[in-house]
Amino acid sequence: MADAPAMAEEVAQLGYEQARDQLVEVVRRLETGGASLEESLRLWERGEALATRCQQWLDGARERLEAARSQA
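Residues numbered from 1 in each chain as written. Predicted model: local features only at pLDDT ≥ 70, side-chain atom pairs only at ≥ 80, totals over all residues. Heavy atoms only, no water.

Draft legend 1. Quick peek at the side chain of Arg53. Within the secondary structure, Arg53 sits in helix 3 (residues 37-71). Glu10 provides the closest opposite charge to the buried, salt-bridge-free Arg53, at an N-O distance of 9.7 Å. Within the local environment of Arg53, its side chain forms a polar contact with the side chain of Gln56, the two groups lying 3.1 Å apart. (Helix = DSSP H or I, 4+ residues; strand = E, 2+ residues; numbered from the N terminus. Buried < 20%, exposed > 50% of the residue type's maximum accessible area, 1.4 Å probe, protein only. Lys, Arg positive; Asp, Glu negative; His and termini not counted. Salt bridge = Lys/Arg side-chain N within 4 Å of Asp/Glu carboxyl O. Polar contact = N/O pair within 3.5 Å; in protein donor to acceptor, adjacent residues only side chain to side chain.)

Now the structure itself:
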């Protein structure tokens, strides 16, 4: 998709809670159906990007906790 780089950049700027909330909304919209194939694909791609962003935040938090434990 032509907007993929812009979407990736925008998603990369989101905090964990923002990304999580948007991911919940994407899933809700996909589950309710009614979207065209093109819209469903766009939502799926955004959902994948949001899920990746959430995982990045969680991985970072895990690393910080492990670092704090090793210093204790």
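Draft legend 2. Focus on the environment of Trp57. By the secondary structure assignment, Trp57 is in helix 3. For Trp57, a relative accessible area of 39% translates into the label partly exposed. Residues Trp57 and Gly15 lie 42 residues apart in sequence; the distance between their C-alpha atoms is 7.9 Å. Contacts of Trp57, omitting those with residues within four sequence positions, involve Leu14, Gly15 and Tyr16. (Contact = heavy atoms within 4.5 Å.)

Worth remembering: the numbers are spatial, not functional.
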